[in-house]
Amino acid sequence: MTCLPKMTDKKLGLVIDLDTCVGCHACVVSCKGWNTENYGAPLADQDAYGEMPVGTFLNRVHSYEVQPEDGLAQLVHLPKSCLHCDDAPCVTVCPTGASYKRTEDGIVLVNETDCIGCGLCAWACPYGARELDGAEKVMKKCTLCVDRIYNENLPQEDRIPACVRTCPSGARHFGDLGDPNSDVSKLVAERGGMDLMPELGTKPVNKYLPPRPKDQLSSDQTPTQSLQAQADNPAGFFAWLDRTLEKL
Amino acid sequence: MHPAPSVILFTSLSGVGFGLLFFLGLGMPAPVGLNAFIFYAIGYVFAVGGLLFSTFHLGHPERAIKAFTQWRSSWLSREAWLAVIALCVTGVAAVGQIFFETRLAIVSYAGAALCLLTVFSTAMIYRQLATVPRWHTPMTPVLFLTYAVAGGALLSGQVGIAQPVLGLLGALQIFAWIQGDGAFARSGSTLASATGLGTNGSVRAFEPPHTGTNYLLQEFVYVVGRKHAAKLRLIAIILLSGLPIVLLVLPFNHMFAALAVLTHVAGVLVSRWLFFAQAEHVVGLYYGKRG
């Protein structure tokens, strides 16, 4: 049923630390690997070794430059996957019931045998979290590795989403965001976790931790400023060279 | 948005078809026998033909029957139901007029109302999407309904109604274009809100996640045609509204009437192409497009 549950017992989701992410795309690769070999249709590529390769991914890492009014530009890497929204617009538009939000843990899933591949859910998602698979013609999206997190055949430490397990910089955290005492909820409270496009009212479960404020360098401490200072007030050999060249 | 031919043909043709069936339901005209058959056949060819085109858009058309299950939440599912019910109810009225030379007034009026409701539900599929600010306005259903009534009036030969409605349609379409051009900016979604990084400074897309294209770019970040949008808008208005009005003002002639229908439908197709090609999805923000 594509009506959304009034509430879910848990709100399983990810907390992604934009301060720590180094933009290595390891989460993208591990996600593609796990989800190609496990739950549902594989994530297909077309023309993988040709001129115009395209493929289905459930997680993608964008990189942005943030230029403060005063100071140095920063590079921020932003991994983006399904945010498992509380008010998921992708679910309610689905005509077949293929898309649904689970009452027990809030994970948004697609039942691929019911999906007609109309694409309307991808139209309704602001985040580009859903991609129609080029080979299977069904909608693919992050499952929060539902086939890992409850999988008793895996060792305990592997019962987390593949992207979280893989992240070498510890930028990805998994847990119950509905429980205010969970580690992830505390992290969100402590670091001022935020929603992407809050104005659209999707109420994402996944949160992003903003980059921490950088050390404030005084104006003569920034790399370019100190170089300028050297050029303006040369010392030693360069001072002699400067004086000599001036005389010519 | 990617202007898929299947969706353009579906919304355009089914709109015209349900528009004609709406007027036949109102008894304007109320033909019987062979005449009724021809009128209803044209309506059904447009309406059903349009609906068939919509299935070409699907990845798995063989499962299309499942689209009838989620009418409680999904406008697409509601549209499927309304289309089938409208065609069935109108079909009963058609059988009465074609084979029994009887107009079943209540059935006909119910069919007319259902035809308009079907067009309304088609429009709501687009209107509901907050992700496409240009569509996320009451103007979308208003326009779709006016398109259907104008096309229906033209096909059913209601010249007195067709003329003012075609004029109204042209005015509404121009208003919708002007309003739509500022919709994205008014929506409040920016690269800053999309990334949450706006408080630290101005945000610029530095490096995309992939060097090639993907489903999202092909489907939502479509840019072809923007260059000629102004010309295409002019062409659309002339074809869908201007020329048909002129042709209807001229002394009545079947050739002129047919020509008016043809130019109108051509104009609808151009404007519907623009409806999709000019629609900007907010996901483009993540790729440094828009704004």
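Criteria and cut-off values
- Residues numbered from 1 in each chain as written.
- Chains lettered and ligands numbered in written order.
- Predicted model: local features only at pLDDT ≥ 70, side-chain atom pairs only at ≥ 80, totals over all residues.
- Helix = DSSP H or I, 4+ residues; strand = E, 2+ residues; numbered from the N terminus.
- Rg over C-alpha atoms; globule rule 2.2 N^0.38 Å.
- Buried ≥ 20, exposed ≤ 12 C-beta atoms within 10 Å, placed from the backbone.
- Contact = placed C-beta atoms within 7 Å.
- Domains from an automatic or database assignment.
- Core = buried A, V, L, I, M, F, W, Y, C linked by C-beta atoms within 7 Å.
- Nonpolar A, V, L, I, M, F, W, Y, C, P; charged D, E, K, R; others polar.
- Pairing = 2+ DSSP bridges.
- Axes fitted to C-alpha atoms, helices over the stretch in contact; angles between N-to-C directions.
- Parallel < 35°, antiparallel > 145°, perpendicular 65-115°, else oblique.
- Left-handed = near helix turned anticlockwise from the far one by under 90°.

The next thing to look at is the overall build of chain A. A count of helices and strands for chain A gives 8 helices and 11 strands. For chain A, the C-alpha radius of gyration of 24 Å lies well beyond 18 Å, the compact-globule estimate for 248 residues. Oriented by its inertia axes, the alpha-carbon framework of chain A measures out at about 85 × 50 × 40 Å. Taking all 248 residues of chain A together, 46% fall into the buried category.

Another point: the overall build of chain B. Helix and strand content of chain B: 11 helices and 1 strand. Scanning chain B from its N terminus toward the C terminus, one meets helices and strands in the order α-α-α-α-α-α-α-α-β-α-α-α. Along the first, second and third principal axes, the C-alpha set of chain B runs to 75 × 45 × 30 Å. Contacts in chain B between residues at least 24 apart in sequence constitute 75% of all its contacts with a sequence separation of at least 6.

In this section: the domain arrangement of chain A. We note that the domain assignment places domain 1 (12-209) and domain 2 (217-248) within chain A. Distance from the C-alpha centre of domain 1 of chain A to the C-alpha centre of domain 2 of chain A: 50 Å.

Judged by nonpolar contacts, the single largest core of 154 residues is most densely connected at A:Cys121, B:Phe22, B:Cys115, B:Leu116, B:Val119, B:Ala148 and B:Ala150. Among all residues touching B:Phe22, those that are not within four sequence positions of it are B:Ala112, B:Cys115, B:Leu116, B:Ala148, B:Val149 and B:Gly152.

Turning to the interface of chain A and chain B, a few remarks are in order. Often, the extent of an interface is quoted as the loss of accessible area on bringing the components together. Facing 52 residues of chain A, the contacting portion of chain B comprises 47 residues. Elements supplying a minimum of two residues to the side of chain A that touches chain B: β4 (59-67), β5 (74-81), α2 (89-92), α3 (120-124) and β8 (131-132) of chain A. Among the elements that line the side of chain A that touches chain B, the one with the most residues is β4(A), at 8 residues. A breakdown of the residues in the side of chain A that touches chain B according to their chemical character gives 34 nonpolar, 10 polar and 8 charged. Bridge analysis of β4(A) against strand β1 (residues 202-207) of chain B gives 5 bridges, and the strand direction is antiparallel. Across the sheet, the residue bridging to A:Val66 is B:Val203, located in β1(B).

What follows concerns the environment of B:Pro29. Residues and elements named next belong to chain B. Among the structural elements, Pro29 can be located in the loop between α1 (5-25) and α2 (33-55). For Pro29, a count of 14 C-beta atoms within 10 Å gives the class partly exposed. Distance in space between the C-alpha atoms of Pro29 and Gln158 is 7.9 Å, their sequence separation being 129 residues. Not counting chain neighbours up to four residues away, the residues in contact with Pro29 comprise Ser156 and Gly157.

Glancing now at the packing of helix α3 (residues 75-99) of chain B against helix α4 (residues 105-127) of chain B. Residue and element names in this part refer to chain B. The interhelical angle for the contact between α3 and α4, taken along N-to-C directions, is 160 degrees, at an axis separation of 8 Å. Viewed along their axes, α3 and α4 adopt a mutual orientation that is roughly antiparallel. Once α3 is placed against α4, the crossing between them reads as left-handed. Packed against α3, whose contacting residues are Trp75, Leu76, Arg78, Glu79, Leu82, Ala83, Ile85, Ala86, Val89, Thr90, Val92 and Ala93, the element α4 presents Val107, Ser108, Ala110, Gly111, Leu114, Cys115, Leu117, Thr118, Ser121, Thr122, Met124 and Ile125 at the interface. Counted by class, the contact of α3 with α4 contains 16 nonpolar, 6 polar and 2 charged residues.

Read across the open sheet, the 3 strands follow the order β5(A)-β4(A)-β1(B); overall the sheet is antiparallel. Across the chains shown, the open sheet's two edge strands, defined by having one partner strand only, are β5 of chain A together with β1 of chain B. Going across the sheet, the axis of each strand differs from the next one's by a mean of 35 degrees, ignoring polarity. Across the sheet, helix α1 (residues 26-37) of chain A is in contact with β4 and β5 of chain A; its angle to β4(A) comes to roughly 165 degrees.

What follows concerns the sheet that holds strand β11 (residues 207-209) of chain A. Two strands in a sheet stick together by hydrogen bonds in their backbones, pointing the same way (parallel) or opposite ways (antiparallel). Residues and elements named next belong to chain A. Taken in spatial order, the 3 strands make up an open sheet running β10-β1-β11, and their pairing is mixed. Of all the strands in the sheet, just β10 (172-176) and β11 have a single pairing partner and so form its edges. In this sheet, neighbouring strand axes are inclined to one another by 25 degrees on average, regardless of whether the strands run parallel or antiparallel. Note that strand β1 (residues 12-17) and β11 share 3 bridges and pair parallel.

Consecutive side chains along a regular strand alternate between the two faces of the sheet. Residue and element names in this part refer to chain A. Of all 8 residues making up β5, 6 are buried, and the element is well covered by its neighbours. Pairing geometry for β4 and β5, over 8 bridges, is antiparallel. Across the sheet, residue Ser63 finds its bridge partner in β5, namely His77. Counting the residues in the hairpin turn of β4 and β5 gives 6 residues, including Gly71, whose phi is positive at 115 degrees.

What follows covers the pairing of β1(A). All names here are of chain A. In terms of burial, β1 is a largely internal element, 6 of the 6 residues being buried. The alternating pattern of β1 places Leu12, Leu14 and Ile16 and Gly13, Val15 and Asp17 on opposite faces, both of which are buried. Where β1 lies against β10, 5 bridges are found, and the strand directions are antiparallel. Among the inter-strand pairings, Gly13 is bridged to a residue of β10, identified as Gly175.

Time to look at unusual backbone geometry. Here B:Met28 and B:Pro29 are connected by a cis peptide whose omega angle stands at 0 degrees. Positioned with a positive phi, A:Asp47 is a non-glycine residue whose angle comes to about 55 degrees. One can find A:Asp47 in the loop between β2 (45-46) and β3 (54-55). Within the chain, A:Leu144 stands out as a residue other than glycine whose phi angle is a positive 55 degrees. Mapped onto the secondary structure, A:Leu144 falls in the loop between β9 (139-140) and α4 (146-149).

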